[in-house]
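Working through the structure, step by step
Here is how the chains run, residue by residue.
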Amino acid sequence: MADYRNESIERLYQAITGIRSIEECSDFFEDLCTIREIQDMAQRLDTAILLDRGLSYQSIADEIGISTATISRVKRCLVYGSNGYRRAIDEMKKTENEK
């Protein structure tokens, strides 16, 4: 991926990593993003999870209501990206298994 980071973006990442609870996270993102942006990010994560489970593009499109173009982009990131989706999915699986 292109190097897009700068001081401002690093500050954003620092703010996110300092969040300690779901409630704090919700408050931060509600102030930072529009509801649609939050929904879009959640849809992309859901898409990555379903792709990881082996669902087809059409099944995911039908279930989530997302375009196959967006599914394709998420798939590319899941396979060739920076492993952000992979780490998040693996961490969620680990947490789920601990319950």
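Everything that follows concerns the structure shown earlier in this document.
First, a word on scope: everything that follows refers to the structure included in this document. (Residues numbered from 1 in each chain as written. Predicted model: local features only at pLDDT ≥ 70, side-chain atom pairs only at ≥ 80, totals over all residues. Heavy atoms only, no water.)

The nonpolar side chains of soluble globular proteins are, as a tendency, buried together. Grouped together as the largest cluster of nonpolar side chains are 14 residues, with contacts concentrated most on A48, L51, I60, I71, L78 and Y85. Put simply, the parts of the chain that give this core at least two residues each are helix 3 (35-52), helix 4 (57-64), helix 5 (68-80) and helix 6 (84-98). Residues in contact with L51, not counting those within four places in the same chain, are Y57, I60, I71, V74, K75 and L78. (Core = buried A, V, L, I, M, F, W, Y, C linked by side-chain atoms within 4.5 Å. Buried < 20%, exposed > 50% of the residue type's maximum accessible area, 1.4 Å probe, protein only. Helix = DSSP H or I, 4+ residues; strand = E, 2+ residues; numbered from the N terminus. Contact = heavy atoms within 4.5 Å.)

Attention shifts here to the pattern of salt bridges. One pass over the structure, following the stated rule, counts six salt bridges. Between R5 and E10 there is a salt bridge whose closest N-O contact spans 3.5 Å. Taking the relative accessible area as the measure of exposure, E10 reaches 35% and is therefore partly exposed. With a shortest N-O distance of 2.6 Å, R36 and D40 are connected by a salt bridge. Of this pair, R36 and D40 both sit in helix 3, four residues apart, which is roughly one turn of that helix. A network of salt bridges, in which partner residues are shared, links D52, R86, D90 and K93. (Salt bridge = Lys/Arg side-chain N within 4 Å of Asp/Glu carboxyl O.)

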